[in-house]
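Coordinates in review
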Amino acid sequence: MDRKDLEEVYRVMLRIRRFDEGVTALFKEGLVKGTAHSYVGQEAVAAGACAALTRADFVVSHHRGHGHCIAKGASLDRMMAELMGRVTGYCKGLGGSMHIADLDLNILGANGIVGAGIGIATGAALSNKLRGTGAAGVAFFGDGAANEGIFHECLNIASVWKLPVVYLCENNQYALSTAMKDSTSIDRFSKRAAGYSLPGVTVDGNDVLAVHAAVTEAVARARNGEGPSFIEALTYRWGDHSMRANLPRYRTEAEEVEWRNLDAIARFEHKLQTEHGFTPEALERVRADVESELAAAREFAINSPEPTLADLEHAVYAPHYQPSEPKPAATTRELSFAEALREALSQEMERDPRVFVLGEDVGKIGGIFAATRGLIEKFGADRLRDTPISEQAIAACAVGAAITGLRPVAEVQIFDFITLMMDMIVNQSAKFRFMLGGKPTVPLVIRGPQGGGIRLAAQHSQSLEAWFTHVPGLVVLAPSSPYEAKGLLTSAMREDNPVIFLEHKMLYVGKKAAVPEESYAIPIGKALVKRTGQDVTLVASLAMVESALQAASRLEAEGIDVEVIDPRTLRPLDEDTIIRSVKKTSRLVVAHEGWKRWGFGAEVAAMVAEKAIDWLDAPIVRVGARDAPMPYNDKLERLVIPSTEDIVEAVKAVVLRDRAAVAT
Ligand SMILES: Cc1ncc(C[n+]2csc(CCOP(=O)(O)OP(=O)(O)O)c2C)c(N)n1
Ligand SMILES: [Mg+2]
């Protein structure tokens with residue numbers, strides 16, 4: 001480092017310290033609310049690491065993240081405004097301390113979920129590798145995060161794929177109140193690196209030049225295609241866990257004093273003066289500059305307006321992809337559900353080089369349900385990525401890749417395994433755009449087979465759509481035929497919001513159907529009236545659409561005229577089409593395979609009750625699975641899943657009850 005660089009590193013360390021000391025004071029004044037986590041004591045880690053990076057390199061931060069942002073070049077004005085919840089802040093006041101990010105500076109976000117950033121960084125590294133940018137990045141995380149499962153999944157996958165990333169554990173020796181010695185089976189985290197064939201070192205995290213040297217070497221390795229490295233920086237936070245925390249003591253005063261005496265800034269000042277010829281006046285000038293920057297940041301933030309409800313509403317979803325409905329296709333063939341999915345993937349991957357697929361067994365064998373079969377021959381192993389059995393890492397790679405310019409499609413081998421991806425889907429992908437003030441997009445698809453009917457028992461047969469339809473920020477698509485499968489998957493890959501794409505297993509084993517040869521996209525949020533009728537509206541999803549149509553044919557013979565609606569998109573729901581139909585028929589039955597209680601049908605029923613109760617002539621009836629896990633025994637499974645007969649009975653109950661009333 002030359003003199004200018006050394007001065008800049010010093011300036012960054014001071015900025016970090018004075019910023020967080022200022023934030024602590026503002027928190028006490030009530031101008032910074034909620035909570036924030038001071039980085040004071042750890043300045044050398046962020047300053048040393050980021051001095052080894054270019055602007056194109058990325059960092060992923062964590063809850064104690066102000067230092068990383070400042071070191072990567074974030075504006076103090078906009079950071080301070082964010083902490084005060086102002087619209088001029090990095091996240092328009094929607095994210096706060098734990099979510100500051102600036103994708104233009106390749107600061108990919110702090111995180112309120114311990115360990116999640118390790119995953120997002122792994123995905124960002126994959127994206128940089130696939131895009132051939134030559135950039136690398138640093139994942140900062142604490143000693144506590146190094147005991148999360150995602151740490152292990154990601155170090156493994158990054159090592160196997162030789163991703164350009166540096167895992168930097170800021171070991172401040174405590175995770176909230178829990179000391180490392182009480183939570184960790186080894187004395188040095190760097191020893192874990194060997195378990196993943198990575199180089200691992202422990203450095204003095206209060207020596208900024210030692211951190212800088214270690215990260216410089218690791219970044220060079222990453223850029224050379226040699227893969228990830230692990231660095232443990234030993235350090236100490238001076239304050240309590242958070243500004244809000246008011247905890248009983250869990251550290252001794254002697255230990256706190258010992259570490260304050262190892263102050264990284266005082267040590268660096270000494271070095272600058274004794275080894276690099278800096279005068280006390282030169283250092284004082286930097287201090288004065290930093291004080292005036294901070295005063296200006298405080299003023300900027302205090303004088304900034306607060307966000308409005310419109311800022312909030314705009315931030316939840318990026319505009320949905322909206323194609324025009326396909327023209328009647330010149331050529332159609334009969335395709336199976338899997339063939340239709342495969343054709344959508346193939347055509348879209350040809351059209352858009354940003355699309356790639358990852359998941360367990362999706363490459364060489366093309367997925368256990370064959371949705372990706374044969375695609376590896378066409379697109380290669382980089383774009384058809386077989387992964388380890390690491391659902392968290394798969395979902396994390398999708399999130400990290402989606403926020404850095406790619407459009408990943410992640411397969412969940414069986415949908416029940418999505419439980420292991422929940423943080424990445426619900427806390428990360430669904431909220432990323434929102435937490436960052438409504439600017440970024442998160443174009444990813446998570447797809448896979450769900451539902452029962454093929455005797456796979458309780459952990460391989462669930463219909464879990466209600467978990468995802470409940471979450472603002474997600475799009476939930478539910479194809480009911482090969483035609484819908486191709487058209488909806490094409491839209492999903494062009495959509496700028498995270499999509500949960502549900503593929504019912506019975507459709508995989510169901511009939512072939514006519515599918516246009518050319519690429520086409522079905523609009524998101526648009527239901528299809530599959531059959532028109534006058535007596536009752538029957539809303540059905542996924543495999544229940546076929547059952548509903550069969551029920552309608554049977555009921556026709558009994559003089560009941562059923563209108564069947566397939567929402568196709570469960571979220572955002574096409575409420576207008578359903579309401580219009582109910583206003584015509586005055587009766588509603590909803591049929592789905594998920595559990596009836598607290599399910600998708602409950603939402604449709606409540607929505608219709610709120611918007612059209614005056615048009616209803618009969619109570620709304622829901623048909624859903626019995627309130628039990630899926631049994632293995634085939635006769636019992638058939639009793640749990642709603643049958644065509646169940647739908648027929650429900651419709652009759654609604655229509656005939658009403659007719660009986662009219663007759664009497
Ligand atoms: C998954 C998850 N578990 C628990 C928490 C609550 N929590 C927030 S920070 C923290 C301690 C984290 O320790 P460490 O990773 O060492 O970071 P440090 O706070 O020491 O910087 C805990 C328990 C959380 N936010 N997320
Ligand atoms: Mg810690």
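Scroll up a little and you will see the structure.
Here is a short report on the structure shown in this document. In this text, all values refer to a predicted model and were calculated from it rather than measured experimentally.

Quick notes on the rules
Residues numbered from 1 in each chain as written. Chains lettered and ligands numbered in written order. Predicted model: local features only at pLDDT ≥ 70, side-chain atom pairs only at ≥ 80, totals over all residues. Heavy atoms only, no water. 1 Å grid on protein atoms, 1.4 Å probe; cavity = no way out; pocket = protein on both sides within 12 Å on 5 of 7 lines; lining within 4 Å. Points joined across faces, edges and corners; volume = space filled by probe spheres on them. Helix = DSSP H or I, 4+ residues; strand = E, 2+ residues; numbered from the N terminus. Nonpolar A, V, L, I, M, F, W, Y, C, P; charged D, E, K, R; others polar. Near = heavy atom within 4 Å. Polar contact = N/O pair within 3.5 Å; in protein donor to acceptor, adjacent residues only side chain to side chain. Buried < 20%, exposed > 50% of the residue type's maximum accessible area, 1.4 Å probe, protein only. Pairing = 2+ DSSP bridges. Right-handed = clockwise from strand over helix to strand, strands pointing away.

Some remarks on empty space enclosed by the protein
Tallied over the entire structure, the rule returns 4 cavities of 30 Å³ or more. In this structure, the largest cavity occupies an estimated 80 Å³ of space. Considering the residues around the largest cavity, the lining is formed by Ser461, Gln462, Ser463, Glu593, Gly594, Trp595, Ala625, Ala628, Pro629, Met630 and Val640. Per-element tally for the lining of the largest cavity: the top contributor is strand S20 (residues 588–595), with 3 residues. Split by residue class, the lining of the largest cavity holds 6 nonpolar, 4 polar and 1 charged. Residue lining of the second largest cavity: 13 residues in total, with His62, Ile113, Gly115, Ala116 and Gly117 positioned closest to the centre. Of all the secondary-structure elements, those providing two or more residues to the lining of the second largest cavity are helix H5 (116–131) and strand S2 (137–142). Sorting elements by how many residues they give to the lining of the second largest cavity places H5 first, with 3 residues. When grouped by side-chain class, the residues that make up the lining of the second largest cavity number 7 nonpolar, 6 polar and no charged.

With respect to the site of ligand 1
By nearness alone, 15 residues border ligand 1, and His63, Arg64, Gly112, Gly144 and Asn172 come closest of all. Interatomic distance of 2.8 Å between a backbone N/O atom of Gly112 and a nitrogen atom of ligand 1. Here Tyr174 contributes a backbone N or O atom positioned 2.9 Å from an oxygen atom of ligand 1. Class assignment of the residues belonging to the shell around ligand 1 gives a composition of 6 nonpolar, 6 polar and 3 charged.

As for the pairing of strand S3 (residues 165–171)
Within S3, 7 of the 7 residues are buried, which leaves it mostly tucked inside the rest of the structure. Here S3 shows a buried face lined by Val165, Tyr167, Cys169 and Asn171 and a second buried face lined by Val166, Leu168 and Glu170. Pairing between S2 and S3: 6 bridges, direction parallel. Across the sheet, Val138 pairs through a bridge with Val166, a residue of S3. For the crossover that starts at S2, traverses helix H6 (residues 149–161) and ends in the parallel S3, the hand is right-handed. Summarising the sheet, S3 and strand S7 (residues 229–234) pair through 6 bridges and their orientation is parallel. In the strand pairing of S7, Glu170 is matched with Ala233.

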